[in-house]
Amino acid sequence: MSAERREYPEHDELQGEGWSRLLAAARRRLERTSGALDGDIGLAAPSEAERRTVIGITGRYRAENAQRLAISLRELDGYLHDRYGTGLLTTLDRLHGPLRDRPAERSDEEARREQALKSAHSSRLAGQGWFAAWLERIAADGTLTRLVRRGDAPLLDAAVRVLERLPGDRDRFPGHQDRPPAHPAGILPLPVLAEWATGDTKALVPGSPLEQLVLRALAQRVGDGRAVPRDRAGRRALWESAGAIADDLASQVLVLNIRAEGDTVVCDWLRDAADFGIPFRLTLHQLATAPVVPAARTIFVCENPAVLRAAAGELQDTSAALVCTEGVASAACHKLLGDAVRAGAWLHWRADFDWAGLRITADAVARHGARPWRMTAADYTAALGEGESTPLAGPPTASPWDPELARAMAESGSTVMEERLLPALLSDLTRT
């Protein structure tokens, strides 16, 4: 027997079959109406015990074949007062605990949702389209409501602080006084970022609620509408797209014939690899601990390893300096090329003719002053006729260096992988 029943033995009768569904229906109705004793409640397909209970409460006969029985809350309240000295509200409280005020709960929940969104919209990032879209999505899909109900609404503020401190966004707001902790080569490891933004070095560990929130924002910022990757490499790439490093050994860049100035062991490796036209991988850790300044004044950049592989196979050590981003450029790639540009090198950059490729190229133009390499509408149209293509996917984007390119792609609706341009690309790498 429960503690409540031992405390109020006079209510034992109300635990029986004839009362259980009736009182549960009354509780549901009262919780929906903030305890107002208005209206009726009903029982569908009532049992014989329930029929007799309703007759006893109302004093009115109900037929044995009745498919539904209705009773007013005030009748039920009056009956309980007369029989037990406690009305409906007190009886329900004693039997099963206090009633919830669901309208008040919803109002409070909505107020906390609005406060969380208001705080997030006060961020200096609020003017960024991806940031507003991220907030709209987590408000619409139930994420924010779940945070509020769990008492985790402060996680949204923490996510905003993380986003504000990412290197790419600090560059957009140079007047902001908040500065990252000193770290070699400008690298911002995730534990450092987590400590700086939240005071907890483990706040952004893989799988944490905060990490998931921030990665959803970064996926929105990438702009291709994709979900947060499930695999570790994909999540690492998202962090690196914003300048934060999950693993400086895993962040790598693939190069061919990149000779380096300097007397470090890494520079020696690069020179040896270039002498034989051998592709070489550099890690961010190597670039941070043994600075590499490419000697070439002109560096070509492609997206797909197939292009670099073809250059290594056909041109070997005669190929121009070539860097492969392998999709979205890693932090290691950006560091190598950023150092090259600061040393006076020019970058010639290309990617696939798809929406992601346009974003990659536009970012390179904005970040490094790169020159698009065979990334014009004419190049696209010529390559389009050379074979079958897959449909374009994801949200469209612009091509600021050649507006006609994006328009031509939207009109055709087809992708062109850069491998289709291999003869022309190899010719460029040979002539340089």
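To be clear, the structure that these remarks concern was listed above.
Conventions used here
Residues numbered from 1 in each chain as written. Predicted model: local features only at pLDDT ≥ 70, side-chain atom pairs only at ≥ 80, totals over all residues. Heavy atoms only, no water. Helix = DSSP H or I, 4+ residues; strand = E, 2+ residues; numbered from the N terminus. Rg over C-alpha atoms; globule rule 2.2 N^0.38 Å. Buried < 20%, exposed > 50% of the residue type's maximum accessible area, 1.4 Å probe, protein only. Contact = heavy atoms within 4.5 Å. Areas by Shrake-Rupley, 256 points an atom, 1.4 Å probe, with all protein chains shown as cover. Lys, Arg positive; Asp, Glu negative; His and termini not counted. Charge placed at Lys NZ, Arg CZ, Asp CG, Glu CD. Pairing = 2+ DSSP bridges. Axes fitted to C-alpha atoms, helices over the stretch in contact; angles between N-to-C directions. Parallel < 35°, antiparallel > 145°, perpendicular 65-115°, else oblique. Nonpolar A, V, L, I, M, F, W, Y, C, P; charged D, E, K, R; others polar. Core = buried A, V, L, I, M, F, W, Y, C linked by side-chain atoms within 4.5 Å. Left-handed = near helix turned anticlockwise from the far one by under 90°. Phe/Tyr/Trp six-rings, centres within 6.5 Å; stacked < 30°, edge-to-face > 60°.

How would you explain the overall build of the chain if you had to name every residue and give the values?
Tallying secondary structure elements over the chain gives 21 helices and twelve strands in all. Here the C-alpha radius of gyration of the chain, 33 Å, is well above what a compact globule of 432 residues would show, namely 22 Å. Viewed in the frame of its principal axes, the chain has a C-alpha envelope of about 105 × 50 × 40 Å. Each of the 432 residues in the chain was classed as buried or not, and the buried ones make up 47%. Sequence-distant contacts in the chain: of pairs separated by 6 or more residues, those separated by 24 or more amount to 67%. Surface summary for the chain: the accessible area is close to 20600 Å², and the carbon and sulfur share equals 51%. Put simply, the chain has 54 plus and 60 minus side-chain charges, and the middle of one group is 3 Å from the middle of the other.

Which residues make up the sheet that holds strand β9 (residues 298–302), and what values go with them?
As summarised here, the arrangement of the six strands in space is β7-β5-β10-β9-β11-β12, forming an open sheet in which the pairing is mixed. The sheet is open, and its two borders are formed by β7 (280–283) and β12 (371–372), each paired with just one other strand. Pairing between strand β5 (residues 252–256) and strand β10 (residues 322–324): three bridges, direction antiparallel. Along β10, the bridge assignment pairs Val255 with Val323. Contacting β5 and β7, helix α14 (residues 265–275) crosses the sheet at an angle of about 160° to β7.

Describe in detail the packing of helix α2 (residues 17–32) against helix α3 (residues 48–58), supporting the description with residues and values.
Close contact between α2 and α3 brings their axes to 7 Å; oriented N to C, the two are set at 70°. Relative to α3, the element α2 lies roughly perpendicular. Residue-level inspection shows Glu17, Gly18, Trp19, Arg21 and Leu22 of α2 in contact with α3, the latter providing Ala49, Glu50, Thr53 and Ile57. Looking at the contact of α2 with α3 residue by residue, the classes come out as four nonpolar, two polar and three charged.

I'd love a proper account of the nonpolar core, names of residues and values included.
Counting residues in each nonpolar core, the largest one holds 42 residues, and the members touching the most others are Trp134, Leu163, Leu193 and Trp239. Contributing elements (two or more residues each) for this core: α6 (102–121), α7 (129–140), α8 (143–149), α9 (154–165), α11 (190–198), α12 (209–222) and α13 (232–241). Counting residues per element, this core draws most heavily on α12, at eight residues. Ile245, Ala340, Ala351 and Ala370 belong to the second-largest nonpolar core, a separate cluster that totals 33 residues.

Tell me about the pairing of β9, and please be specific about residues and values.
Most of β9 is tucked away: four of the five residues are buried. Where β9 and strand β11 (residues 346–349) come together, four bridges link them in parallel fashion. The residue of β11 that forms the bridge with Ile299 is Leu347. Where β9 and β10 come together, three bridges link them in parallel fashion. Each bridged residue has a counterpart across the sheet, and for Cys302 the counterpart in β10 is Cys324.

An account of the packing of helix α16 (residues 305–314) against helix α21 (residues 422–431) is requested, with residue identities and associated values reported.
Where α16 meets α21, the closest approach of the two axes is 10 Å, and the angle between their N-to-C directions is 55°. Classed by the angle they form, the pair α16 and α21 counts as oblique. The chirality of how α16 crosses α21 is right-handed. Residues Val307, Ala310, Ala311 and Glu314 of α16 form the contact with α21, whose participating residues are Leu422, Leu425, Leu426 and Leu429. Within the contact of α16 with α21, the residues separate by chemical class into seven nonpolar, no polar and one charged.

Which residues make up the packing of aromatic side chains, and what values do they have?
Inspection of the entire model under this criterion finds six aromatic pairs. With 5.5 Å between their ring centres and 55° between their planes, Phe131 and Trp134 make a pair best called tilted. Within this pair, Phe131 and its partner Trp134 are both found in helix α7, separated by three residues, close to a single helical turn. An angle of 65° between the planes, with centres 4.7 Å apart, marks the rings of Phe300 and Trp373 as edge-to-face. With Phe300 in strand β9 and Trp373 in the loop between β12 and α19 (377–384), the pair connects residues that are 73 residues apart, well separated along the chain. For the pair formed by Phe300 and Trp373, the shared burial category is buried.

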